[in-house]
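Here's the letter readout for the chains.
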Amino acid sequence: MLLSAATDAYLADLESVRRLAPATVRAYRSDLDDLIATVGDAPLAEVDVEHLREWSWGAAQHGLARSTLARRTAAVRGLFRWAREEHLIESDPTLRLTNPKRGRTLPQVASADSLREVLEELAVRAAEGDPVTLRDSAVLELLYGAGVRVSELCGLDVDDLDPQRRTVRVLGKGSKERVVPYGGAAARALDGYLVRARPALAARADDAGAALFLGVRGRRLGVRTVYDLVTRTVGPAVGSAAVGPHALRHSAATHLLDGGADLRAVQEILGHASLGTTQIYTHVSSERLKESYRLAHPRA
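Remember, predicted model here, so these are calculated numbers, not experimental data. (Residues numbered from 1 in each chain as written. Predicted model: local features only at pLDDT ≥ 70, side-chain atom pairs only at ≥ 80, totals over all residues. Heavy atoms only, no water.)

Chemist: How do you make sense of the nonpolar core when you look at a structure like this?
Modeler: Nonpolar side chains in soluble globular proteins generally cluster together in the buried interior. In terms of nonpolar packing, the biggest core is built from 45 residues, with Leu-143, Leu-153, Tyr-182, Phe-213 and Val-226 touching the most fellow members. Elements that contribute at least two residues to this core include exactly α5 (112-126), α6 (131-146), α7 (150-154), β2 (167-171), α8 (184-202), α9 (223-233) and α11 (246-258). Excluding residues within four positions of it along the chain, Leu-143 makes contact with Val-148, Arg-149, Val-150, Leu-153, Val-226, Val-230, Pro-245 and Leu-248. In terms of nonpolar packing, the next biggest core, distinct from the first, is built from 22 residues, Leu-3, Leu-32, Leu-44 and Trp-82 among them. (Core = buried A, V, L, I, M, F, W, Y, C linked by side-chain atoms within 4.5 Å. Buried < 20%, exposed > 50% of the residue type's maximum accessible area, 1.4 Å probe, protein only. Helix = DSSP H or I, 4+ residues; strand = E, 2+ residues; numbered from the N terminus. Contact = heavy atoms within 4.5 Å.)

Chemist: Where do I start with the packing of helix α3 (residues 49-61) against helix α4 (residues 66-85) in this structure?
Modeler: Any two packed helices are characterised by the angle at which their axes cross and by the distance between the axes. For the pair α3 and α4, interaxial distance at closest approach is 10 Å and the crossing angle is 160°. In terms of axis orientation, α3 runs roughly antiparallel to α4. For α3 against α4, the interelement crossing comes out right-handed. Along the contact surface, α3 presents Leu-52, Trp-55, Ala-59 and Ala-60, while α4 presents Leu-69, Arg-72, Val-76 and Phe-80. Here the contact of α3 with α4 is composed, by residue class, of seven nonpolar, no polar and one charged. (Axes fitted to C-alpha atoms, helices over the stretch in contact; angles between N-to-C directions. Parallel < 35°, antiparallel > 145°, perpendicular 65-115°, else oblique. Left-handed = near helix turned anticlockwise from the far one by under 90°. Nonpolar A, V, L, I, M, F, W, Y, C, P; charged D, E, K, R; others polar.)

Chemist: What should I look at first to understand the layout of surface pockets in this one?
Modeler: A water-sized probe, rolled over the atoms, reveals where empty space remains. Space inside the second largest pocket adds up to approximately 200 Å³. Together, Ala-112, Leu-115, Arg-116, Leu-119, Glu-120, Glu-141, Tyr-144, Gly-145, Gly-183, Gly-184, Ala-185 and Ala-186 line the second largest pocket. Listing elements by their share of the lining of the second largest pocket, those giving two or more residues are α5, α6 and α8. Considering only residue class, the lining of the second largest pocket consists of six nonpolar, three polar and three charged. (1 Å grid on protein atoms, 1.4 Å probe; cavity = no way out; pocket = protein on both sides within 12 Å on 5 of 7 lines; lining within 4 Å. Points joined across faces, edges and corners; volume = space filled by probe spheres on them.)

Chemist: Any chance you could explain the pairing of strand β3 (residues 177-181) here in plain terms?
Modeler: Two faces make up the sheet, and in a regular strand the side chains alternate between them. Burial of β3 is one-sided: the residues Arg-178 and Val-180 facing one way are buried, the residues Glu-177, Val-179 and Pro-181 facing the other way are not. As judged from the five bridges shared by β2 and β3, these two strands associate in the antiparallel manner. Counterpart to Thr-167 in the pairing with β3 is Pro-181. Where β2 folds back on β3, the antiparallel hairpin that results is connected by five residues, among which Gly-174 adopts a positive phi of roughly 65°. (Pairing = 2+ DSSP bridges.)

Chemist: Is there a simple way to think about the environment of Ile-89 in this case?
Modeler: Tracing the backbone shows Ile-89 in the loop between α4 and α5. Apart from the residues within four sequence positions on either side, Ile-89 is in contact with Leu-44, Ala-45, Phe-80, Ala-83 and Arg-84.

Chemist: I tried to follow the packing of aromatic side chains on my own but got confused; where do I start?
Modeler: Working definition: an aromatic ring pair is given by the centre-to-centre distance plus the angle between the planes. Applying the stated criterion across every chain yields a total of two aromatic pairs. Judged by centre distance (5.3 Å) and plane angle (35°), the rings of Tyr-193 and Phe-213 are tilted. Linking Tyr-193 in helix α8 with Phe-213 in the loop between α8 and α9, this pair joins segments that are 20 residues apart in sequence. Relative accessible area serves as the criterion here: at 0%, Tyr-193 is assigned to the buried category. (Phe/Tyr/Trp six-rings, centres within 6.5 Å; stacked < 30°, edge-to-face > 60°.)

No statement about biological role is implied by the geometric values presented.
Written out as structure tokens, the structure is:
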């Protein structure tokens, strides 16, 4: 089997059988297409560790981030492990391929006070009744209040909200469903949006459908619009022009732990499959504590 055909079959298995997130499958597709472009569409059994090392070395020379290099290695390891299980090859060349060490980078987090200022200022402007501003206020409050991913937020339908219990049903990575609570501020913003803004936005389209958040043309809100909103409003609070919606998720997790929330509870809220993924936020909290100590203690 040629490398390209094996790639197609492997990715189909990831998507339909192992049910990996579409974004992960797309990333692996990009990585493996780059492998094919580098080594050629050779028979899978003829691709050896030297081919793979050359491919990895070329990526490193282009200055790709360690996390990207690690993902590329994971993609090619997965392909050849699958091929070995399917008896398409006799030996797995990736067993001798070194996995680049991932550097630890702490996520961008806004302070609770700075986020409060941003959200309260937007709420004041939303009170004037502009549908888009009302929607933007509800979007930011839910991103921060429930710690959801931007893709999860944009995929929400109206029926996913339970205003009585103040919870939202979220479809996360791997099509795993979870129910996440949100607070009073998000509840007020969502109530205002649903009553005063969504009907006005829905009227701009022939059929707005069931989507919770709508764009200016009355269709389901896009991820790009949310990125632009967060960059414009939250970016200054974080101190970065490149901040995205994930900064609100990072901030929510960190502030929960700062407030004494149980790590397992935060894992459930965020929808992390592994507790190790959630533990990064304990490091963020620790660094913030150390900084407060350095600034405040006379013997620091």
